[in-house]
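Here is what each chain is made of, one letter per residue.
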Amino acid sequence: MTPASDRARFLIIDDHPLFREALHSAVQMAYPDVDTVEARSIAEAIELLADAKPFDLALLDLSMPDVHGFEGLLQLRTRYPRLPVVIVSGYEEPKIISEALSYGAAGFIPKSARKSDLAAAIRSVMDGAVYVPENYEGQPPDPDSTDRADMVQRLARLTPQQLRVLQMLRQGMLNKQIAYELQVGETTVKAHVSEILRKLNVYSRTQAVIEVSKLDNAELFRDQAGF
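- Under an unreviewed UniProt entry, the name given to the protein is Response regulator transcription factor, and the source organism is Mesorhizobium vachelliae.

Structure representation (structure tokens):
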């Protein structure tokens with residue numbers, strides 16, 4: 001039996017209890033001795049990832065209650081760039097798969113896959129491969145996609161605190177409100193904003209919000225029958 005301290009740790013991020021259970025079952029099929037932890041939101045996932053004991057893999061549903069579009073994936077990729085994140089989603093459009101991969105996803109597994117296929121996909125990713133569905137045909141990157149991928153790289157340069165400030169800017173919060181929420185001075189907030197603008201290579205907080213909002217790609221998910 002594998003010692004508990006040597007076991008791999010997987011994080012399942014999905015707000016649907018039945019599918020968390022299905023993913024847990026697939027993980028156990030692939031790796032019977034793995035430690036599986038579950039999160040019902042991106043916020044809960046980030047709290048769990050702050051644990052001193054690292055995770056070896058995250059399985060993420062794109063449709064989460066506290067984010068929209070690719071925001072959850074982007075938060076995980078920018079905060080924890082070394083953590084492989086596999087998308088497990090009901091959205092199976094080639095465009096969505098291509099965008100997820102361009103943002104650094106380690107694979108894309110349809111929720112319609114059988115448990116044995118889910119298990120095989122997880123093993124494939126753990127072996128270092130990038131998993132995509134058999135019927136997926138890669139699409140050539142368009143200029144917008146290239147620009148978004150470049151923004152993801154710039155976001156990865158932000159510190160966790162700067163990411164929090166950026167999220168609050170996107171919510172329309174003023175420096176005074178951000179300072180209150182973070183329990184810091186307004187001068188500190190201004191310094192964070194200046195660094196955010198520099199690292200994202202934008203000239204104003206409004207432009208930062210606009211450019212980062214393009215990453216959500218909410219239009220890709222519109223009228224899609226997924227969960």
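## Some remarks on the pairing of strand β4 (residues 85-89)
For a regular strand, the rule is simple: side chains alternate between the two faces of the sheet.
Move 1: For β4, the tally of buried residues reaches five of five residues, placing the bulk of the element in the interior.
Move 2: Here β4 shows no split at all, with V85, I87 and S89 on one side and V86 and V88 on the other all buried.
Move 3: Note that strand β3 (residues 57-60) and β4 share three bridges and pair parallel. Following the sheet pairing, L59 is matched in β4 by V86.
Move 4: The handedness of the β3 to β4 crossover, carried by helix α3 (residues 71-79), is right-handed.
Move 5: Relative to strand β5 (residues 107-110), β4 runs parallel, the two being bridged by four bridges. What sits directly across from V88, in β5, is I109.
Move 6: Crossover connection from β4 via helix α4 (residues 94-102) to parallel β5: handedness right-handed.

## A look at the pattern of salt bridges
Move 1: According to the stated counting rule, one finds 10 salt bridges in the structure shown.
Move 2: As a salt-bridge pair, K111 and D61 come within 3.2 Å of each other at their nearest N and O atoms. Within this pair, whereas K111 is found in the loop between β5 and α5 (115-126), its partner D61 is found in the loop between β3 and α3, the two being separated by 50 residues in sequence. Comparing K111 with D61 shows no difference in burial state: the two are buried.
Move 3: Residue D117 pairs with R114 through a salt bridge whose shortest N-O separation is 3.2 Å.
Move 4: Beyond isolated ion pairs, a larger network of salt bridges with shared partners links D14, D61 and K111.

## Re the sheet that holds β5
Move 1: A sheet is described by the order of its strands in space; here five strands give the open sequence β2-β1-β3-β4-β5, paired in parallel fashion. Each edge of the sheet is formed by a strand with only one pairing partner; in this case those strands are β2 (35-39) and β5. Within this sheet the neighbouring strands show an average axis-to-axis angle of 20 degrees, counted without direction.
Move 2: Sheet topology places strand β1 (residues 9-13) next to β2; five bridges connect them, and they run parallel. Of the residues in β2, the one forming a bridge with I12 is E38.
Move 3: Against the sheet, helix α2 (residues 42-49) makes contact with β1, β2 and β3, and its axis sits at roughly 140 degrees relative to β2, the strand it touches most.

## Points about helix α7 (residues 160-170)
Move 1: If you check which residues of α7 are buried, you get Q162, L163, V165, L166, M168 and L169.
Move 2: A positive phi of about 80 degrees marks G172, the residue just after α7.

## Considering the packing of aromatic side chains
Move 1: Enumeration according to the criterion identifies two aromatic pairs in this entry.
Move 2: With a centroid separation of 5.8 Å and 80 degrees between ring planes, the pair formed by F10 and Y31 is classed as edge-to-face. One end of the pair, F10, is in strand β1; the other, Y31, is in the loop between α1 (17-30) and β2, and 21 residues separate them in sequence.
Move 3: Relative accessible area serves as the criterion here: at 25%, Y31 is assigned to the partly exposed category.
Move 4: With a centroid separation of 5.2 Å and 85 degrees between ring planes, the pair formed by F70 and Y103 is classed as edge-to-face. Of this pair, F70 sits in the loop between β3 and α3 while Y103 sits in the loop between α4 and β5, and the two are 33 residues apart along the sequence.
Move 5: Owing to a relative accessible area of 1%, Y103 belongs among the buried residues under this scheme.
Move 6: Geometry around F55 places R9 over its ring, the cationic atom sitting 4.1 Å from the centre.
Move 7: The ring centre of F19 lies 4.5 Å from the NZ or CZ of K111, which sits over that ring.

The rules behind the values
- Residues numbered from 1 in each chain as written.
- Predicted model: local features only at pLDDT ≥ 70, side-chain atom pairs only at ≥ 80, totals over all residues.
- Heavy atoms only, no water.
- Buried < 20%, exposed > 50% of the residue type's maximum accessible area, 1.4 Å probe, protein only.
- Helix = DSSP H or I, 4+ residues; strand = E, 2+ residues; numbered from the N terminus.
- Pairing = 2+ DSSP bridges.
- Right-handed = clockwise from strand over helix to strand, strands pointing away.
- Salt bridge = Lys/Arg side-chain N within 4 Å of Asp/Glu carboxyl O.
- Axes fitted to C-alpha atoms, helices over the stretch in contact; angles between N-to-C directions.
- Contact = heavy atoms within 4.5 Å.
- Phe/Tyr/Trp six-rings, centres within 6.5 Å; stacked < 30°, edge-to-face > 60°.
- Lys NZ or Arg CZ within 6 Å of the ring centre and 35° of its normal.

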